[in-house]
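Structural overview for review
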Amino acid sequence: MKTKKLLKTLPFILGFGVFVSCGGEKTQENTENVSTAVKVNVTDTRLQPVTEFSTYTANVQSEVINQITPTLPGRIEKIFVEVGDRVSKGQILAQMESSNLDQQTVQLSNLQRDYERYNELLKVGGIAQQQVDQMKTQIDVLETAIGNIQENTTLRSPINGIVTARNYDNGNVFAQLPILTVEQLNPLKAIIYVSESYFSKVKTGMPAEIKLDVYGDEMFTGKVALIYPTIDAATHTFGVEVAIDNKNMKVRPGMYARVTLDFGEHESIVVPDAAVQKQAGSNDRYVYIIENGIARYRKVELGLRLGENYEILSGINPGDVVVTAGQTRLVDGSSVEVLTNE
């Protein structure tokens, strides 16, 4: 009897289980089909004035560098300056051995005495004018030679500057290296390499601001002194020489400089840096814009970094609504709920 009762109730239990099971599957399916909008913050884009500064790095160089050398090898009698000495234009820096100069000077004295005797003979008809003229020519040639020898015996500074190298001691024989190096310290220069896109904007006399790592945030002034006339085909840059005012003599050749040029003002789209994302596996940058409650992926080209913002050169338009927070959960086509418009 008990067995029969259990068999009678079993179909009812099984049927109820099937009903409950089917109802559970339907509820799960409905839950999966409910889409949740991603909560985001956004900002409206618009054109803004952007001051276009570009900063370049360079090593400071002397405007003029003179290597002090004679034209021929010879013994150095005396060097009158040391490295670090300031020298004036025309100042004697070194004296070479003068034996050759002495010989030529004696020969010139002899020729001049002969020339005087020739003139006396010419007056009384004892010699032809041609011989007198030949003697005068010999004297002129020798005087020119002596002048050259003097320049290469007594070595003088051709500029106002500072001695930056000394390669010999007194008594050494000059061979290949210059005896001294003298460099001009005011003005100095820095050569920077500017993108060809700015070629039409760089002008001679254009002001420049210079910072030197050794002096921190202290600002030095300069101006564009020379623009190279050709573009490097490999780097698509051109050289620009910036003259650096160094009246206070604080700047030295070899210092590391950061040179900033102001290319003027233009209008451009600017967005918060939080809106810009980097594409994984590449250097591409992108943002999400909102269109009718849907997130849309946009690849962008960045311009200048402006504090906590970026200039956008291409990829979005003025008036686009850009996501500034929550974009890490977005894909192209995601539904969004805007929390704040900054």
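Since this is a predicted model, take the numbers as computed values, not measurements.

Definitions and limits used
Residues numbered from 1 in each chain as written. Predicted model: local features only at pLDDT ≥ 70, side-chain atom pairs only at ≥ 80, totals over all residues. Heavy atoms only, no water. Core = buried A, V, L, I, M, F, W, Y, C linked by side-chain atoms within 4.5 Å. Buried < 20%, exposed > 50% of the residue type's maximum accessible area, 1.4 Å probe, protein only. Helix = DSSP H or I, 4+ residues; strand = E, 2+ residues; numbered from the N terminus. Contact = heavy atoms within 4.5 Å. Pairing = 2+ DSSP bridges. Salt bridge = Lys/Arg side-chain N within 4 Å of Asp/Glu carboxyl O. Lys, Arg positive; Asp, Glu negative; His and termini not counted. Polar contact = N/O pair within 3.5 Å; in protein donor to acceptor, adjacent residues only side chain to side chain. pLDDT = per-residue confidence, 0-100. Phe/Tyr/Trp six-rings, centres within 6.5 Å; stacked < 30°, edge-to-face > 60°.

1. So, the nonpolar core
- Core analysis: the biggest nonpolar cluster contains 27 residues, and Ile192, Val194, Val202 and Ile210 have the highest contact counts within it.
- For this core, the secondary structure elements donating two or more residues are strand E2 (47-62), strand E11 (188-195), strand E12 (207-212), strand E13 (219-227), strand E14 (237-244) and strand E15 (256-272).
- The contacts of isoleucine 210, once residues within four sequence positions are left out, are Glu218, Met219, Phe220, Thr221, Gly222, Val242, Ile244, Ala257, Arg258 and Val259.
- Ranked by size, the runner-up nonpolar core spans 16 residues in total, among them Ile79, Val163, Phe174 and Ile179.

2. Here we look at the pairing of strand E4 (residues 74-79)
- Examined bridge by bridge, E4 and strand E9 (residues 173-174) share 2 bridges and lie antiparallel to one another. Residue pairing in the sheet places glycine 74 in a bridge with phenylalanine 174 of E9.
- As paired elements, E4 and strand E6 (residues 92-96) share 3 bridges and run antiparallel to each other. Bridge pairing links isoleucine 79 to alanine 94 in E6.

3. Let's talk about the pattern of salt bridges
- Applying the stated rule across the entire model yields 13 salt bridges.
- If you follow the salt bridges from partner to partner, you end up with Glu82, Arg166 and Asp169 in one network.

4. A word on the sheet that holds E6
- Taken together, 4 strands build an open sheet; the order of strands is E7-E6-E4-E9 and the sheet is antiparallel. Among the strands making up the open sheet, the edge pair consists of strand E7 (154-156) and E9.
- Bridge count for E6 against E7 is 3 bridges, and the pairing is antiparallel. Note on E7: the bridge partner recorded for isoleucine 92 is arginine 156.

5. What to know about the pairing of E12
- Where burial is concerned, the two faces of E12 differ: the one with Ala208, Ile210 and Leu212 is buried and the one with Pro207, Glu209 and Lys211 is not.
- Pairing of E12 with E13 involves 5 bridges; the strand directions are antiparallel. From the neighbouring strand, isoleucine 210 faces E13, where its bridge partner is phenylalanine 220.
- Linking E12 back to E13 in an antiparallel pair, the connection comprises 6 residues, with glycine 216 at a positive phi of about 60°.
- Relative to E15, E12 runs antiparallel, the two sharing 5 bridges. When the sheet's bridge partners are listed, glutamate 209 is paired in E15 with threonine 260.

6. Side note on the side chain of glutamate 241
- Relative to the helices and strands, glutamate 241 is located in strand E14.
- We classify glutamate 241 as buried; its relative accessible area is 11%.
- With near-sequence residues (within four places) excluded, glutamate 241 lies in contact with Lys189, Ala190, Ile191, Lys223, Val224, Ala225, Leu226 and Tyr228.

7. Some thoughts on the sheet that holds strand E10 (residues 180-183)
- What the 4 strands build is an open sheet, ordered E3-E10-E8-E5; its pairing is antiparallel. Among the strands making up the open sheet, the edge pair consists of strand E3 (65-68) and strand E5 (86-87).
- Note that E3 and E10 share 4 bridges and pair antiparallel. Its bridge partner being in E10, isoleucine 68 is matched across the sheet by leucine 180.

8. A short note on the side chain of aspartate 320
- Residue position: aspartate 320 is located in the loop between strand E19 (309-314) and strand E20 (321-325).
- An unpaired buried charge is present at aspartate 320: no salt bridge exists, and arginine 298, the closest side chain of opposite charge, is 5.9 Å distant.
- A polar contact of 2.8 Å, which involves the side chain of aspartate 320, links it to the backbone nitrogen of asparagine 317.
- Among all residues touching aspartate 320, those that are not within four sequence positions of it are Thr43, Asp44, Thr45 and Ile289.

9. Quick word on the confidence of the model for the chain
- Taken residue by residue, the chain gives an average pLDDT of 85. The fraction at 70 or more is 88%.
- Below a pLDDT of 50 lies the segment residues 1-34, which in the model reaches 0 contacts outside its immediate sequence neighbourhood of four places, other chains included.

10. Overview of unusual backbone geometry
- Asparagine 186 connects to proline 187 through a cis peptide bond whose omega is 0°.
- The phi torsion at histidine 236 lies on the positive side, around 55°, for a residue other than glycine.
- Tracing the backbone shows histidine 236 in the loop between E13 and E14.
- For methionine 249, which is not glycine, the phi torsion reads 60° and is therefore positive.

11. What to know about the environment of leucine 177
- Among the secondary structure elements, leucine 177 is positioned in the loop between E9 and E10.
- Along the backbone, leucine 177 and arginine 166 are 11 residues apart, and their C-alpha atoms lie at a distance of 9.5 Å.
- Discounting chain neighbours no more than four positions away, the residues touching leucine 177 are Asn167 and Tyr168.

12. Considerations on the packing of aromatic side chains
- Within this structure, the stated rule accounts for 7 aromatic pairs.
- Ring centres of phenylalanine 199 and phenylalanine 238 lie 4.8 Å apart, and the angle between their planes is 80°; this geometry places the pair in the edge-to-face category. Within this pair, whereas phenylalanine 199 is found in the loop between E11 and E12, its partner phenylalanine 238 is found in strand E14, the two being separated by 39 residues in sequence.
- Here phenylalanine 238 falls in the buried class, since its relative accessible area comes to 1%.
- Ring centres of tyrosine 286 and tyrosine 288 lie 5.8 Å apart, and the angle between their planes is 85°; on these two criteria the pair is classed as edge-to-face.
- A relative accessible area of 14% means that tyrosine 286 is categorised as buried.
- Pairwise contacts between aromatic rings join Tyr286, Tyr288 and Tyr297 into one cluster.

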